[in-house]
Amino acid sequence: METAKKLKLKSSRFFEKEMSSKAQELIEEIKLKDRSHLRLREWHQRNHYEKSLKELRKQYEKYFTIAKVDGRTFTAEQFVKQFEIPDIPCIITNTTEDWNVEKYWTFEKLYQLYKETQFKIGEDDKGKKLRLPFKYFLEYLVYNKDDSPLYLFESSVEDMKDGGAEMIGRYKKHKYFQEDFFAMVGEKHRPPYRWFLVGPKRSGTAVHIDPLMTSAWNTSLQGHKLWVLFPPDIPKCVVKAKGLAAKKEIDPEVLDESIDYFFYALPKLIQKEGADNLKIVMCVQGPGDTIFVPGGWWHAVLNLDNSIALTQNFMSINNFDKIWRSVRKERPKFSQRLLESFKELRSDLYERALKLDDIDKNEFRVLKDANPLSSEDSSGSSSSSSSSSSSSSSSSDDDDD
């Protein structure tokens, strides 16, 4: 009842002793598929529900070094110069004053608008999306005591039959992120890039880099998020902190959960490597705050309370080179379509992409001459460095990050 009151929910379904039997049944089915390595009773065996996230936040306050600027006065030109070009994360405050948050983006309003709408809250071992009507997910959000709860992470907002277009129309693209070259290929052909997020307290995303080296913005509409970020030069094997948490604290199989990373692995990682050596950047993002995450930066996020957020990934002129190289290597078929769009719509980008291809081909030839390989190894290496215009290999799209 306390949670429902705090979220200003009105339906009686949120003021019972526990979630409805139908919600319980559907949630259990999804749990068994989403984390097949866990039995149902293991979802709450570490009792994180009883632990104070306020104390966890205090533990990391000394590392809250992210730059903050005020969105009411900070210009797009200043953002590009101070943060986007040098690839520096930042928080921009006061970015939702014209979004009508209390009218459209509260838990109660979302319940009224989308209670029957099916949203993605997980995926099975084969990558199939697991969906649940919002009314049942909101019950779960109110009543659950899971260590690391399921997270509503919807990437197909534009395809929603029940108000997807209206949802997109209810937020305005920030002045700092107007440019997105992936849009040139059209909504149906671009990789997933926009997510609507509803996160129960203690849910989150494990440490990762966003796909294709894209940069991202994330705007909190409700709730607070704890972030940790590491620059691209910190190795994956370091930021993942595998093996640092003692077995008595956590089973290594479930260390990939965000809350376990913040509770167990990150403190040990900082102790071992040192915060300065890790170049660690941390912050708490609150309602109305938008965080900018440059492409290639490692990051993990924990919802300190029940949250609603929107996030988008993008390609701009200031991150063009590294994204083009990543797209060419990871998504060769998509890179061909993107290159064709550049040729038709932006000749300057087309020429820039071809120039990058030539530079990389020449660098590969130099490396090949300096380090002769067998013909088999040589052909295997060249395939990853070839221009998108001649590549014929296929690649599947990431569902989300």
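Please read these numbers as outputs of a predicted model, since none were measured by experiment. (Residues numbered from 1 in each chain as written. Predicted model: local features only at pLDDT ≥ 70, side-chain atom pairs only at ≥ 80, totals over all residues. Heavy atoms only, no water.)

Chemist: What is the right way to read the sheet that holds strand 1 (residues 67-70) from this model?
Modeler: Strand pairing in a sheet relies on backbone hydrogen bonds. The paired strands run either parallel or antiparallel. Strands sit in the order 1-2-11-8-13-6-5 across an open sheet of 7 strands; the sheet is mixed. Every interior strand has two partners, whereas the edge strands, strand 1 and strand 5 (152-154), have only one. Adjacent strand axes in the sheet meet at a mean angle of 20° when their direction is disregarded. Together, strand 6 (194-199), strand 8 (215-222) and strand 13 (307-314) form the strand contacts of helix 6 (residues 107-114), whose direction differs from that of strand 13 by roughly 75°. (Pairing = 2+ DSSP bridges. Helix = DSSP H or I, 4+ residues; strand = E, 2+ residues; numbered from the N terminus. Axes fitted to C-alpha atoms, helices over the stretch in contact; angles between N-to-C directions. Contact = heavy atoms within 4.5 Å.)

Chemist: Got a minute to help me understand the sheet that holds strand 9 (residues 225-230) in this structure?
Modeler: Read across the open sheet, the 4 strands follow the order 7-12-9-10; overall the sheet is antiparallel. In the strand order of this sheet, the two ends are held by strand 7 (204-208) and strand 10 (281-285), each with one partner. Mean inter-strand twist for the sheet, computed between neighbouring axes without regard to direction, equals 15°. Pairing geometry for strand 9 and strand 10, over 5 bridges, is antiparallel. Residue pairing across strands places valine 228 opposite methionine 282, the latter belonging to strand 10.

Chemist: Would you mind going over helix 6 with me for this structure?
Modeler: Each turn of an α-helix holds 3.6 residues, which means side chains three or four residues apart point in the same direction. Every buried residue of helix 6 is accounted for by Phe107, Glu108, Leu110, Tyr111 and Tyr114. Taken around the axis of helix 6, the buried residues stretch over an arc of 165°, which confines them to a single face. (Buried < 20%, exposed > 50% of the residue type's maximum accessible area, 1.4 Å probe, protein only. Arc of directions from axis to C-beta.)

Chemist: It is not clear to me how the packing of helix 3 (residues 53-60) against helix 10 (residues 258-273) should be interpreted in this structure. Could you clarify?
Modeler: Helix packing geometry: the angle between the two helix axes and the distance between the axes. Interaxial distance between helix 3 and helix 10 falls to 12 Å at its minimum, and their mutual angle equals 25°. With respect to each other, helix 3 and helix 10 are oriented roughly parallel. Where helix 3 crosses over helix 10, the two elements pack in a sense that is left-handed. Contacts between helix 3 and helix 10 pair Leu53, Leu56, Gln59 and Tyr60 from the former with Ile259, Phe262, Phe263, Leu266, Pro267 and Ile270 from the latter. Residue composition of the contact of helix 3 with helix 10, grouped by class: 9 nonpolar, 1 polar and no charged. (Parallel < 35°, antiparallel > 145°, perpendicular 65-115°, else oblique. Left-handed = near helix turned anticlockwise from the far one by under 90°. Nonpolar A, V, L, I, M, F, W, Y, C, P; charged D, E, K, R; others polar.)

Function cannot be inferred from these measures alone, as they are strictly geometric.
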